[in-house]
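Coordinates in review
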Amino acid sequence: MHLIPKRETGAEAFLTKHPSYDGRGITIGIFDTGVDPGAPGLQITSHGSRKILDCIDCTGSGDVDTSHRVTTSSTPCDEAVEILGVSGRTLKLCNQWQNPSGVWFVGVKLLEQLFPGVVNTRIQKHEGETSFNVAQRQAVVKAMRELGQFTAAHSKPNEKEKEEQTELQARVDVLNTIDKTIKIPSEAADVVAFNDGDYWRVAVSVDPDGDMTSVEAVLPYRLSGKYSTFPGRSLMNYTVDVFDEGSIVTIVTTPGSHGTHVAGIAAGYHEDKPECCGVAPGAQIVSMKIGDSRLSTMETGASLVRAALAAVKYKCDMVNLSYGEGCEWNNSGYVVDTLASLSRKHGIVFVASAGNNGPCVSTVRCPGGTTSEIISVGAYVSPEMMQTQYSMTEKQPGLNYTWSSCGPSTDGHLGIDISAPGGAISSVPKWTLRRKQLMNGTSMSAPNACGCIALILSGLNQEDTHYSPHSIRRAVINTAHDIAQSERLVLGYGLIQVEPAFEWLRSYADVPERDMWFSVSCMLPGRPGQRGIYLRDTGRPAACQTRQIAVNVTPKTPLDNGDYSDAQLALDLKLSLVATKPWLSVPVHFCLPNYCRGFNVDLDTRGLEHGAHYAEVQAFSSEDADRGPLFRVPVVVIIPKELPESSYQFTETLKFSSGHPQRRFIRVPEAATYADLCLVAHGEQSARYAVHGVQLEADACYRHHEFDKRFSIAQDETQEHQFPVLGGAVLDLTFCKWWSVCSPGEISITVKFNSLQNIGRGFDLHRHTGYQKLLIRNGLGPCALHPQCVCTHHVTAIQPHEKLPIRPLGDRDCSSDGVQIYELQLMYKFSQPKSCDTTLEFRWLCSVLYESSYNGQLWMLFDANKRFIRAGDALPDQYTITSLDKGEYFVKLQVRHPRVQRLEALQNLTLSLVRKLPSPIRLDVYSSLQELLKQGMKFTGTKVVGGVDTPLYIAAPPSDKIPYQPKNGYILEGHVSFSKPLHKGSAGKGLNGVDAYPFTVTCHASQAGASKGAAASKPVPSTPGKSRKGSGRNAAAATDTASSSTSAGGAEQPNSYEQALLEFNIKWMTDHQDVSRYDELSQTYSDHLPLLQVYLGVLSGKMEKERFAGATPVILACNKILALLDVKKIFSPAYRKSPLTDSEKSSLDKQQQTYQDALVKKGNALSNLLTAEFSAADADSLTRDRDTAIESLAEPSGEEGLPRSVEATRVQLDEVMAALETWFDVLDAKIATLTISYYTSKGWLGRATEALLKTMTSSGGATSQKDEGTLVMLLDKLDYTHLSSMQRRAWHTLFPPDYLPF
């Protein structure tokens, strides 16, 4: 029983016949999630050599910035050397490390950034359930016992006892709050790199005390072949490497099990378990991690290009890529060209998965199914696999899996070259807590085929037989085994066969086209340059004719320094052309020299029935036709069903056998916008099915118009579905019984097309116009019109905050022929007003990865403390940040390209910040403009018949429904739908209708925030106050500027010159933070409130530096402001209820804020007198006694109201807190710091901690180092050491030393 299939491809028989042709001498580059060097079967080859030559992280996600250098004595000593690490720990280094230069490169890395989510969760769960939970439970029990005992002993507590009881309750609440919110923080690893005189070495330690005396400083894996394992329960193996002269250390881990599984299929070797061996156990591999840990193992353009460069550097014979994405166009783009060059320029055989996106045609993914130079592999399941891997009891013929992608690519290339077994039980990393695992997919078929080809290459090398990637491709295609009842578009040319391909290459090692490939270009009308003939619309009566298509063929050969060899110049291939179907006609003979020539292909589609028809133009050598076609021109013709003009539906009963698809190609009526699908099962028990619908349009991925449903249906059950359609385009609607269901089945299907088409102005509403008119036309039969328009997202454009100079990247990003890759880094800054789902989009670069014209792109999001939040690349929908907290954020974007000019063009690239609205904004829909203008009856729905146009008017949303209104404008995005849902409560894209079209509401800068601006511009009357000395003028206007010229009582104000001069001086004091002019101004305006406010603000800023000595002036200024305010009036409920103008209410609010601000600043100053350090340096008479120090500060001023002792200070602080508690919430963000300090000084540590936690939670955004330090201090004082130790460990997560490197 083989856990990795080998019989189906003849690999087992080949190895029996040729035991030494087991892959030895062949190096396979595994482009994947990384390969675990400790996984079973991946240590040695069948001939005793090292299995993995190197482990390379091409993503940068394992990079550690070690540019920080520490220099010590280079002289060896008996005692350990101590240096300060970037983590803040004192690192005690091993005295056995030899470092002649004495230069140490240090950095820090969070382990959670290296581990997959499942490992992080497991570690957190274990630590939470063991040591932390035990200590937490003990602390909770103790706190509750103390509270219970105190309550029982004080049934009638006095005021002091009530305070103590409140404190005990607060301690219980603190423990319960933390218990609900605590997250076990990641450990931080200290990283030290140094050069021992010959090689770079790296030491990694997670010891919390920084003890590295017993840590081994390891060599890069390529030199030592050794790996390390992180301590603890992660079971994560890792290797290291060093770049840029020690400035970058890479810790290479495996963020997914996929790559290890793939490597085990291709080349695993189990000496005592041959059934577990991979296909080519003698082959060696190079692990190239392209799955980025920051992106949940998604590949990036940069990682793929780096992997390609590494494959050339390590002289790989083969590459396996079990990755891919849908693409907008085929066989082009920077990444695609780079990967294709491996075969063209460097002789590397490239094998890739075709995709798991079937069963519809044209669902191959990039690059495997869309790139000419790559051997694309579909996924086949054999009868033996069904029994051994899936334990099926019923036998059935082999077939491709239901989900295996199908060709052709949208430019006519077949898309699937060959198939191979697509399931295996193979090795996985130890951190999965398993040794082996069953996986299936084209991800598994590709390495199986790769292993088969490695056997062939191994034999050819040992026999000194020449080949090229192109001859290998022709060999496996021409000798593949065709499977009965399998479609060419599904299977490719057949199941790969090792022995026949090997013999083919032996026989034709010296043919002139061995090193050659042929570029085929089909000149279809409107689509020149296609790689095949793909006609999807020939069902039209006008198209059902003979047609002639020109095909150009260019022989291509690798060039040596740009010069042709004599053999290339003498090339003259005499070819015979053969058409495989009678409806295809081609010339018999074709002579092909070393340049492009063409011939014509004649098609006659008039006799073809409904369905997908495949044929080929095959070019054979006229001298030796036995070696098979030198090149092929795929021809795919889709004949769709044409619906009668009087009917808009299609009905048929389909009979199924396991896994074989029933394809129905339907020409969708031009006016159709959505379809209803009804399924009725007959004569069987519940069974699993797939229905897949795809329509194509130019330069667009198939996923743009895809309907995919996997479902189970029981006997006589009816199921209904809806999906949008593209009018006029052919719909491939494929039905398939799941491959593993053996019993036959029968289902009746009915497809009905409906039309609700907007022929009006479009779907962009400008708010200043107030509405948008739509004109809905029903071009088909009767249907229900139920319009709904919903805005779900708010979009803001963000310009770069900082642009770093374009610079060349390091050694990893320079090719062997000297092509240097450069990077552009842009920094963006934005504020998040409240928590919501947020997506970052660089729309100029979005939605293309392999086909992008850039080398790669990556963005990373950080909070204000440089803590990494999330990363994303070309596919923004995959990287929406769920509930991004309120706060300030920074986005770093890296774009890479070898041409500086291409990067310079992006220096002003806009970031689109897409925020999900707290609740969708439903726009009102009206049947007429009159109803909209008078806000009359809203339109909810009606029945419409064919040929009728219905006008709709969509009203702009009111301002009060829009949560964010930035002044530079914004866009609301959502969808509008017109159909009525099949099922109540069903939803598509947030709407009830399935035919959802993108809808935008644009608000230009001139309208954004207009309502707020208007409100702010209203005049605010001044507040009555005291007259300034020596005059009867009122100068106590409680406004935030000094611009008021009239008091509420009509008292005379300073004349315009005096007013302007006063305003200038106030602004000067604010701008320069200088109070030197205050004394002069106060002689005239002693009671002028705005002047006092500015004066107090400057003094408070200075008090941050001189906390003790600067307290007295602040207290005096606060006392003056407080004396000017009528507290009873401004807080009087009766006054509030009296009729006030908007300006009077605004003035009242400002006075309350002024009162609060003065109390808080006075409280902070008083707190400083009690806690801040003081010095005798400025006055000889000042002693170290705090009472004397406070009195010494108060005496020179001669002012009343200043405290003259510690006790007097405490009394005044109590009075301030009592006033704040009376009128305000003391846990408000503006008061909380004072509250926490006050509670702490009173010994109410529980209340102080509770207040701090509430403040930290409510403020949102990044935690400040001050708050975090205060929290640790309070937890220590409360003796909650299990909590304080966790917070200390979290410091590395919350406050990293710098941004993560790209």
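Residues numbered from 1 in each chain as written. Predicted model: local features only at pLDDT ≥ 70, side-chain atom pairs only at ≥ 80, totals over all residues. Heavy atoms only, no water.

1. Structural notes on the overall build of the chain
For the chain, the helix and strand inventory stands at 29 helices and 60 strands. Overall, the chain is about 120 × 95 × 70 Å in size when its C-alpha atoms are taken along their principal axes. Looking at the chain as a whole, 56% of its 1302 residues are labelled buried. Taking contacts inside the chain between residues at least 6 apart in sequence as the whole, the part at least 24 apart equals 74%. Surface summary for the chain: the accessible area is close to 54,300 Å², and the carbon and sulfur share equals 49%. Here the chain holds 128 positive side-chain charges and 142 negative ones, and the gap between their average locations is 4 Å. (Helix = DSSP H or I, 4+ residues; strand = E, 2+ residues; numbered from the N terminus. Buried < 20%, exposed > 50% of the residue type's maximum accessible area, 1.4 Å probe, protein only. Contact = heavy atoms within 4.5 Å. Areas by Shrake-Rupley, 256 points an atom, 1.4 Å probe, with all protein chains shown as cover. Lys, Arg positive; Asp, Glu negative; His and termini not counted. Charge placed at Lys NZ, Arg CZ, Asp CG, Glu CD.)

2. Things to note about the pairing of strand β33 (residues 631–639)
Of all nine residues that make up β33, nine are buried, and the element is covered over most of its length. Judged by which residues are buried, β33 turns out to be covered on both faces: Phe631, Val633, Val635, Val637 and Ile639 on one side and Arg632, Pro634, Val636 and Ile638 on the other are all buried. Relative to β33, strand β26 (residues 533–535) runs parallel, the two being bridged by three bridges. Considered in β33, the bridge of Tyr534 is made with Val636. Across nine bridges, strand β32 (residues 611–621) lies against β33 in antiparallel orientation. Residue pairing across strands places Ala612 opposite Ile638, the latter belonging to β33. (Pairing = 2+ DSSP bridges.)

3. Digging into helix α19 (residues 1089–1103)
In an α-helix, one turn spans 3.6 residues, which is why side chains three or four residues apart end up on the same side. Along its 15 residues, α19 runs 21 Å from first to last C-alpha, staying within 8% of the 21 Å computed at 1.5 Å per residue. Those residues of α19 that sit buried are Leu1089, Pro1090, Leu1091, Leu1092, Val1094, Tyr1095, Leu1096, Val1098, Leu1099, Ser1100 and Met1103. On the buried face of α19, the contacting elements are α17 (1056–1072), α18 (1078–1084), α20 (1111–1124) and α23 (1142–1171). (Expected span 1.5 Å × (residues − 1).)

4. Quick word on the pattern of salt bridges
As enumerated under the stated definition, the model contains 46 salt bridges in all. Put simply, Arg667 and Glu642 hold a salt bridge, and the shortest N to O gap is 2.7 Å. Highlighted residues: Arg667 in strand β35 (residues 662–667) and Glu642 in the loop between β33 and β34 (649–656), separated in sequence by 25 residues. Judged by its relative accessible area of 39%, Glu642 is partly exposed. When salt bridges with common partners are traced through the structure, they connect Arg7, Glu12 and Glu384 into a single cluster. (Salt bridge = Lys/Arg side-chain N within 4 Å of Asp/Glu carboxyl O.)

5. Considering the environment of Lys92
For Lys92, the position within the fold is in strand β6 (residues 90–93). When the C-alpha positions of Lys92 and Pro255 are compared, they lie 30 Å apart, and in sequence the two are 163 residues distant. In this structure Lys92 touches Ala80, Val81, Glu82, Gly210, Asp211, Met212 and Thr213, once residues within four positions along its chain are discounted.

6. As for the pairing of strand β8 (residues 188–195)
Regular strands place side chains that alternate from one sheet face to the opposite one. Of all eight residues that make up β8, seven are buried, and the element is covered over most of its length. As defined by bridge partners, β8 adjoins strand β9 (residues 200–205) across six bridges and the pair is classed as antiparallel. Across the sheet, residue Val192 finds its bridge partner in β9, namely Ala203. Between the antiparallel neighbours β8 and β9 lie four residues, among them Gly197 with a positive phi of about 105°.

7. Overview of the side chain of Ser427
Within the secondary structure, Ser427 is located in strand β22 (residues 423–427). There is a polar contact of 2.6 Å between the side chain of Ser427 and the backbone oxygen of Pro40. Beyond its immediate chain neighbours, meaning those up to four positions away, Ser427 contacts Ala39, Pro40, Thr260, His261, His270, Arg435 and Lys436. (Polar contact = N/O pair within 3.5 Å; in protein donor to acceptor, adjacent residues only side chain to side chain.)

8. A few points about the packing of helix α5 (residues 258–267) against helix α9 (residues 442–462)
Viewed as axis vectors pointing N to C, α5 and α9 meet at an angle of 35°, and their least axial separation amounts to 8 Å. Here α5 runs over α9; the crossing is right-handed. Contact with α5, carried on its side by His258, His261, Val262, Ile265 and Ala266, involves Ser443, Met444, Pro447, Asn448 and Gly451 of α9 and no other residues of that element. For the contact of α5 with α9, the class distribution of residues is five nonpolar, five polar and no charged. (Axes fitted to C-alpha atoms, helices over the stretch in contact; angles between N-to-C directions. Left-handed = near helix turned anticlockwise from the far one by under 90°. Nonpolar A, V, L, I, M, F, W, Y, C, P; charged D, E, K, R; others polar.)

9. Quick look at the sheet that holds strand β10 (residues 211–212)
Taken in spatial order, the three strands line up as β5-β6-β10 in an open sheet, and their pairing is mixed. Here the strands that pair on one side only, and so sit at the sheet edges, are β5 (82–84) and β10. By the bridge criterion, two bridges tie β6 to β10 in an arrangement that is parallel. Looking at β10, one finds that Lys92 is bridged to Asp211.

10. Quick word on a negative patch on the surface
The grouping of Asp1185, Asp1187, Glu1191 and Glu1195 at the surface amounts to a negative patch. Within the element layout of this structure, Glu1191 appears in helix α24 (residues 1186–1194). (Patch = residues over 30% accessible without salt bridge, like charges linked within 9 Å, V, L, I, M, F, W, Y side chains within 5 Å.)

11. Let's talk about the nonpolar core
Membership of the largest hydrophobic core comes to 85 residues, with the highest contact counts inside it found for Met1069, Tyr1155, Leu1220 and Tyr1280. In contact with Tyr1280, not counting residues within four places along its chain, are Ala139, Ala143, Arg171, Leu175 and Leu1275. Judged by nonpolar contacts, the second largest core, of 73 residues, contains Ala11, Tyr221, Val349 and Tyr702. (Core = buried A, V, L, I, M, F, W, Y, C linked by side-chain atoms within 4.5 Å.)

12. As for the sheet that holds strand β28 (residues 572–579)
Read from one edge of the open sheet, five strands run β26-β33-β32-β28-β30, paired in mixed fashion. Every other strand in the sheet has two partners, leaving β26 and β30 (589–593) as the edge strands with one partner each. Across the sheet, the axes of successive neighbouring strands diverge by a mean angle of 20°, strand direction being ignored. Judged from the five bridges that link them, β28 and β30 form a sheet pairing that is antiparallel. Paired with Asp572 across the bridge in β30 is Pro593.

13. Quick word on the confidence of the model for the chain
Predicted confidence across the chain gives a mean pLDDT of 89, with 93% of residues reaching 70 or more. A low-confidence stretch, residues 985–989 (pLDDT under 50), is modelled with eight contacts involving residues beyond four sequence positions or located in other chains. Predicted confidence for residues 1176–1183 stays below pLDDT 50, and this span has eight contacts to residues more than four positions away or in other chains. (pLDDT = per-residue confidence, 0-100.)

14. Some details on the packing of aromatic side chains
Applying the stated rule across the entire model yields 36 aromatic pairs. A ring pair is formed by Phe590 and Phe599, whose centres lie 5.0 Å apart and whose planes are at 70°; its orientation type is edge-to-face. Given the relative accessible area of 5%, Phe599 is considered buried. Ring plane angle 45° and centroid distance 6.2 Å describe the contact between Tyr1238 and Tyr1239, whose orientation is recorded as tilted. The same class applies to Tyr1238 and to Tyr1239, which are both buried. (Phe/Tyr/Trp six-rings, centres within 6.5 Å; stacked < 30°, edge-to-face > 60°.)

15. Considerations on the packing of α24 against helix α25 (residues 1206–1223)
Contact geometry of α24 with α25 gives a least axis separation of 8 Å together with a crossing angle of 70°. For the element pair α24 / α25, the angle class is roughly perpendicular. Where α24 approaches α25, its residues Arg1186, Asp1187 and Ile1190 are matched on the opposing element by Val1206, Glu1207 and Thr1209. When grouped by side-chain class, the residues that make up the contact of α24 with α25 number two nonpolar, one polar and three charged. (Parallel < 35°, antiparallel > 145°, perpendicular 65-115°, else oblique.)

16. Remarks on helix α10 (residues 469–478)
Within α10, nine of the 10 residues are buried, which leaves it mostly tucked inside the rest of the structure. Within the span of α10, buried status applies to Pro469, His470, Ser471, Ile472, Arg473, Arg474, Ala475, Val476 and Ile477.

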